[in-house]
Amino acid sequence: RMNALEPVDGAGATLTVQAGVTLQAAQEAAAAAGLQLGVDLGARGSCQIGGNLATNAGGNGVLQFGMMREQVLGLEVVLADGTVLDMMRPMLKNNTGYDLKHWFVGSEGTLGVITRAILTLHPAAAVTVNALVALPNYAAAVDLLGRLRSAFAGALGAYELMWEDFFTTSLQWSRAESPFGRSHPLVVLTQVSGGDEAALADRLQQVLAQAMEQGRVVDAVLAQNQAQSRALWRIREATAEFPARIDPINFDISLPIGRIGDFAQACVVALSQRWPGHRSLRFGHLGDGNLHLTTDARSLGTAGSNEQAANEVQALVYDLLAQHGGSISAEHGIGLHKKPFLHLSRSPAELAAMRAIKLALDPLNLLNPGKVFDLQP
C-alpha cells in the first residue's frame, strides 16, 4: 500500500512519506508536530502524495506556500527500466548539478514512478480571519490584492475571486441570502492568518475601510466566528455541486494577473455570440493567476451531442486564451483531455525538449504512454 510515514523531523521541519500516504494523513502528521503542509485539496482524504506530486497539485494554500513542487525537498523514483533514483536529500540548499526531482514533479507519471518523498513543512497558523468583499470592477480586485499582500506579508492565505454569475448561482443552489444588500460585479473571499485574532481583524478592517474610502471596495463582511467563516467558504465551494446541477465543461487555466479580467469578459462575449443564452460561471484563485470557467453544455441549445458542443467550446476558449498569453492548464495537468491543445501553451522547441527527456528516460514508452504529448510530432 506504500502508506508509511516517518516521524516529523522537527529540526528540519520535514516529513518523509511513501507515495501512497493520503494528503490528509500527511496533514495530520504535520499538525501533530505543530506544523502544517502547505497544500490542501478538497479530496484530501483520498488523494495520495505520489499523485499530488506527479500532477504538481495546487488547491488551497498556493498563494502563501506555492504548488506541490514547492513542498518537496527529496524524491525516490523508479524508472522504466527498474533503476531507482535515490534523491532523498533533505537540504534546502543543494546545488550539485541538475535538480532531477523536478523532472518528475508534474510529469504525470510519464517519466518515472514516485515511491517516496521528503516534504517541507511550515509553522502552523494560530488563527485565521475571513472576509467577503464586494468589488466594483476587476481593477479594484487587483488593487485590493496588492493592499492585502502589503499589509499581511506572507500571511495572505486565500484570495478567491467570484464573478457575479458564479456568486449568484452559488447562493441560489444553497438557498442562501447574499450578505450584501444588492448584487455586485465581483466578490472576493479572502483569508489572513497570524497569532492574534483581534489584531488581525482590526488590521483587515483598516485595510478594507481605506479601500472603501477610495472607491476600491463597495461593501465587506468579516466573519465573527468559525460558523460564519464556514458559511462564507460554502459559497466558494459550490463547485462540488457542478456534476449534480449542470453538465459542466470545465476550464482550469492561468494568465498574467493583469489580463484575467479582460480575458474573462472576452470569453463571455465570444460565447454569447456563438451560443446566445449560454450559462457560464467564472471564479478563480486570483493571487496565483488561476481562473476557472465552467459552461453548462445543456445551456448551449445545440442540436448535436454535448460532447460535440464541449469540443467547440474548448476550441473557442483555448484559442482566445492563446491570444491572451495564457496556459491551458493551471493545476490539473494535461493527460489525454488537453493534449490536442498543448501546442497553444508550449513552443515547438519546448515540446521537442520534452520528447527528448521522455525518450532518454523511457525509450520504450512504457510509462503512461500517450499522455501529455505524442512521441512523434
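Above: the structure in question.
Just so we're clear, the structure is a prediction, and the values are computed from it rather than from any experiment.

Visitor: Pulling in residues and values, what's your account of the nonpolar core?
Guide: Grouped together as the largest cluster of nonpolar side chains are 55 residues, with contacts concentrated most on Leu 135, Leu 144, Tyr 159, Leu 161, Leu 204 and Phe 263. The element that contributes the greatest number of residues to this core is helix H11 (residues 306-323), accounting for seven residues. In this view, Leu 204 contacts Val 129, Ala 131, Leu 148, Phe 152, Val 192 and Leu 222; residues no more than four positions away in its chain are not counted. By size, the runner-up hydrophobic cluster in this structure holds 29 residues, among which are Val 17, Leu 35, Cys 47 and Ala 57.

Visitor: Describe in detail the packing of aromatic side chains, supporting the description with residues and values.
Guide: According to the stated counting rule, one finds eight aromatic pairs in the structure shown. For the pair Tyr 138 and Trp 163, a centre-to-centre distance of 6.5 Å together with 15° between the ring planes defines the contact as stacked. Of the two residues, Tyr 138 is situated in helix H5 (residues 138-151) and Trp 163 in strand S8 (residues 156-163); the sequence distance between them amounts to 25 residues. Put simply, the rings of Phe 166, Trp 173, Phe 242 and Phe 283 touch in pairs and so form one group of aromatic residues.

Visitor: Give me the lowdown on a nonpolar patch on the surface, citing residues and values where you can.
Guide: A cluster of nonpolar side chains, contributed by Tyr 98, Leu 100 and Trp 103, occupies part of the molecular surface with about 350 Å² of accessible area. In this structure, Leu 100 sits in the loop between strand S4 (84-87) and helix H4 (101-104). Leu 100 gets classed as partly exposed once you look at its relative accessible area, which sits at 31%.

Visitor: Kindly report on the sheet that holds strand S1 (residues 14-18), identifying the contributing residues and their values.
Guide: A sheet is described by the order of its strands in space; here four strands give the open sequence S1-S5-S3-S4, paired in antiparallel fashion. With one partner strand each, in any of the chains shown, S1 and S4 form the two edges of the open sheet. Pairwise comparison of adjacent strand axes, ignoring direction, gives a mean angle of 15° for this sheet. Where strand S3 (residues 72-78) and S4 come together, four bridges link them in antiparallel fashion. When the sheet's bridge partners are listed, Glu 76 is paired in S4 with Asp 86.

Visitor: Explain the side chain of Thr 295 residue by residue, including any values.
Guide: Along the chain, Thr 295 falls in strand S13 (residues 290-296). Ignoring sequence-local partners within four residues, the contact set of Thr 295 consists of Asp 247, Pro 248, Ile 249, Leu 271, Arg 279, Ser 280, Leu 300 and Val 313.

Visitor: Help me get a handle on the sheet that holds strand S10 (residues 219-222), residues and values and all.
Guide: Here seven strands make up an open sheet; going across it, the order is S10-S7-S9-S8-S12-S13-S11 and the pairing antiparallel. Every other strand in the sheet has two partners, leaving S10 and strand S11 (248-254) as the edge strands with one partner each. Sheet twist, expressed as the mean angle between neighbouring strand axes with direction ignored, is 15°. In the sheet, strand S7 (residues 127-135) pairs with S10 via four bridges, with the strands oriented antiparallel. Residue Ala 134 lies in a different strand from S10, and its bridge partner there is Asp 219. Of the strands in this sheet, S7, S8, strand S9 (186-194), S10 and strand S12 (280-285) touch helix H8 (residues 226-236), which is tilted by about 50° from S7. Its contacts with the sheet put helix H10 (residues 260-274) on S8, S11, S12 and S13, and the angle it makes with S13 is roughly 15°.

So, how was this worked out
Residues numbered from 1 in each chain as written. Predicted model: local features only at pLDDT ≥ 70, side-chain atom pairs only at ≥ 80, totals over all residues. Heavy atoms only, no water. Core = buried A, V, L, I, M, F, W, Y, C linked by side-chain atoms within 4.5 Å. Buried < 20%, exposed > 50% of the residue type's maximum accessible area, 1.4 Å probe, protein only. Helix = DSSP H or I, 4+ residues; strand = E, 2+ residues; numbered from the N terminus. Contact = heavy atoms within 4.5 Å. Phe/Tyr/Trp six-rings, centres within 6.5 Å; stacked < 30°, edge-to-face > 60°. Patch = residues over 30% accessible without salt bridge, like charges linked within 9 Å, V, L, I, M, F, W, Y side chains within 5 Å. Areas by Shrake-Rupley, 256 points an atom, 1.4 Å probe, with all protein chains shown as cover. Salt bridge = Lys/Arg side-chain N within 4 Å of Asp/Glu carboxyl O. Pairing = 2+ DSSP bridges. Axes fitted to C-alpha atoms, helices over the stretch in contact; angles between N-to-C directions.

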